[in-house]
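As a plain string of letters, each chain reads:
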Amino acid sequence: MENINKNRLFFGSCLALITTAMTFAIRARLETVFGPEGVGLTLEQLGYAFAPAFFGFTIAMIIGGPLVDLLGIKKITWMAFITHAVGIVLTLMADSMTSLFIATLFIGIGNGFVEAALNPMVASMYPDEKTKMLNRFHVWFPGGIVIGALLGWLVMDVLDLSWQVMVATLFIPLMAYGFMFFGQKIPVTERVQLGISNKKMFSSVLKPLFLFMVACMFLTAASELGTTQRIESLLKESVSAPLLVLAFINGIMALGRLFAGQVVHKLSPSGMLLYSAIFTFIGLWLLTVTSGGMTFVAAAVFAVGVTFFWPTMLGFVAEYLPETGALGLSIMGGAGMFSVSIVLPIMGRLMDGASGAGEALRTMSILPAILIVAFLGLNIYMKKNRKTEQA
């Protein structure tokens, strides 16, 4: 790690993740701009238009994962910068479902390249603190959503400016992370450092434990991002400013991830995941029966649940399955985002129907209910494994 400015690279990574996260918050606000009361798209059509943000992410992760080792972290990071820039420009020009779809696809690919390059970089720079530092890095996903949500509320609801002004604010963190990475020496991935062969890496992603974690990632990501991405439509009957609820949820998540080190010290990663599933289930159910100020109470319970999902899933794989390398982390992230691309149109169809947002939230609560059982089993398996190793 000689001649590598870890602090600058970590800060630049956080700015790149802020850019990624702001696109989620701003897209949530665009739901009303392009929806039935704006351009005229149905909520189901919006689900399809926004889906590329997630399957585009998946494509970039699956392609970028193996390429990180081959081309290096630096090239993949600059690919993220370029596709982000193109996506922002195309979003500013969008005026239909098709143009919004294409713009969102570029944004999604940029977001995917950010995760494909920077998750393994953080794991490589901090080999003895992977779960802690991945959680600290991922502070800026909810942190960036808070920034984007507050900017969207300020620009459109308070200052009454155009939605294009809101979208243009994405250029600020984009240019900042480009500057932070410019001219910097970047480390190789941990797999390259350890000398693990391609053959071992590819065989490792077929291990039952890894496949189990991929299946769980489908459900954890959909529970978190499916709900927060459609917050405007889900809560528009419950509160006057759903974007403020989104900012509130992600503020709690950012604080939780900031202090993840202490939580990891008290709970194992598998224990964190079990408690997360329980709180997520309770939070989603509370959101179906609350309104007004009580919505924030329900949102707080939900936020406590989803806080550690994404980074701890990645941290678990990096810690217990390091031989899967950047490919393993990319498959995990890609699986998570792909699942969200599936649930968005389904949620839209449920909300377009007579049952509305309540039915969509009740349906989503099935996912963490399944995870409670899955992570209970994971905890039992990990405890048995530890006892076997100690013996």
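So, here's what we can say about the structure. (Residues numbered from 1 in each chain as written. Predicted model: local features only at pLDDT ≥ 70, side-chain atom pairs only at ≥ 80, totals over all residues. Heavy atoms only, no water.)

On to the pattern of salt bridges. The tally for this structure, following the rule as stated, stands at 5 salt bridges. Salt-bridge contacts for D157 lead to R29; the nearest nitrogen and oxygen are separated by 2.8 Å. Highlighted residues: D157 in helix 7 (residues 140–158) and R29 in helix 1 (residues 6–34), separated in sequence by 128 residues. According to the relative accessible area criterion, D157 is partly exposed, its value standing at 43%. When its relative accessible area of 9% is taken as the criterion, R29 is described as buried. Where R257 meets E224, a salt bridge forms, and the shortest distance between an N and an O atom there is 4.0 Å. Taken together, the positions of R257 in helix 14 (residues 242–258) and E224 in helix 12 (residues 208–229) put the pair 33 residues apart, joining distant regions of the chain. You can call E224 buried: its relative accessible area is 3%. (Salt bridge = Lys/Arg side-chain N within 4 Å of Asp/Glu carboxyl O. Helix = DSSP H or I, 4+ residues; strand = E, 2+ residues; numbered from the N terminus. Buried < 20%, exposed > 50% of the residue type's maximum accessible area, 1.4 Å probe, protein only.)

Our focus in this paragraph is the side chain of E323. Considering the arrangement of structural elements, one finds E323 in the loop between helix 18 (309–320) and helix 19 (325–352). E323 sits in the buried class, given a relative accessible area of 11%. At a separation of 2.8 Å, a polar atom in the side chain of E323 contacts the side chain of K207. Those residues in contact with E323, other than ones at most four positions away along the chain, are I196, K200, M201, S204 and K207. (Polar contact = N/O pair within 3.5 Å; in protein donor to acceptor, adjacent residues only side chain to side chain. Contact = heavy atoms within 4.5 Å.)

What follows covers the environment of N135. Along the chain, N135 falls in helix 6 (residues 130–137). A sequence separation of 74 residues divides N135 from L209, and the C-alpha atoms of the two residues are 21 Å apart.

To continue, consider the side chain of S341. Position of S341 among the secondary structure elements: in helix 19. The class of S341 is buried, set by a relative accessible area of 8%. At 2.6 Å, the side chain of S341 forms a polar contact with the backbone oxygen of F338. Setting aside residues up to four positions removed in sequence, S341 forms contacts with A51, F54 and F55.

Turning our eyes to something else, we now look at the packing of aromatic side chains. For any pair of aromatic rings, geometry is given as the distance between the ring centres together with the angle between the planes. If you walk through the whole model with that rule in mind, you get 12 aromatic pairs. Ring geometry for F57 versus W310: centroids 6.3 Å apart, planes at 85°, classification edge-to-face. A residue pair is termed long-range when its members are at least 10 positions apart, and F57 in helix 3 (residues 52–71) and W310 in helix 18 qualify at 253 residues. As far as the burial class goes, F57 and W310 line up, both buried. Centre to centre, the rings of F248 and F296 are 5.3 Å apart; their planes meet at 70°, and the pair counts as edge-to-face. Residue F248 is located in helix 14, and its partner F296 is located in helix 17 (residues 294–306); the two are separated by 48 residues in the primary sequence. F296 sits in the partly exposed class, given a relative accessible area of 28%. Members of the aromatic cluster, connected to one another through ring pairs, are F10, Y126 and F137. R8 extends its terminal NZ or CZ atom over the ring of F179, reaching a point 5.2 Å from the ring centre. The ring centre of F24 lies 4.8 Å from the NZ or CZ of R27, which sits over that ring. (Phe/Tyr/Trp six-rings, centres within 6.5 Å; stacked < 30°, edge-to-face > 60°. Lys NZ or Arg CZ within 6 Å of the ring centre and 35° of its normal.)

A separate point is a nonpolar patch on the surface. Together, L150, W153, L154, V158, L159, L161 and V165 give the surface a local cluster of nonpolar side chains, amounting to about 550 Å² of exposed area. It is helix 7 that contributes the most residues to the nonpolar patch, 4 residues altogether. Within the element layout of this structure, V165 appears in helix 8 (residues 163–168). (Patch = residues over 30% accessible without salt bridge, like charges linked within 9 Å, V, L, I, M, F, W, Y side chains within 5 Å. Areas by Shrake-Rupley, 256 points an atom, 1.4 Å probe, with all protein chains shown as cover.)

With that settled, the discussion passes to the nonpolar core. The biggest cluster of nonpolar side chains holds 125 residues, and the ones touching the most others in it are L30, F34, Y177, M332 and F375. With 16 residues, the single largest contributor to this core is helix 1. If we ignore the near neighbours within four places in the chain, the residues touching Y177 are G12, L15, A16, T19, A80, F81, H84 and V114. (Core = buried A, V, L, I, M, F, W, Y, C linked by side-chain atoms within 4.5 Å.)

Let's shift gears to the packing of helix 4 (residues 73–93) against helix 9 (residues 171–181). Across the interface, helix 4 lies against helix 9 with an axial gap of 11 Å and an inter-helix angle of 165°. Comparing the axis directions of helix 4 and helix 9 gives the class roughly antiparallel. Crossing hand, helix 4 versus helix 9: left-handed. Mapping the contact onto sequence places T77, W78, A80, F81, H84, A85, I88, V89 and L92 in helix 4 and F171, L174, M175, Y177, G178 and F181 in helix 9. Residues that form the contact of helix 4 with helix 9 fall into these classes: 12 nonpolar, 3 polar and no charged. (Axes fitted to C-alpha atoms, helices over the stretch in contact; angles between N-to-C directions. Parallel < 35°, antiparallel > 145°, perpendicular 65-115°, else oblique. Left-handed = near helix turned anticlockwise from the far one by under 90°. Nonpolar A, V, L, I, M, F, W, Y, C, P; charged D, E, K, R; others polar.)

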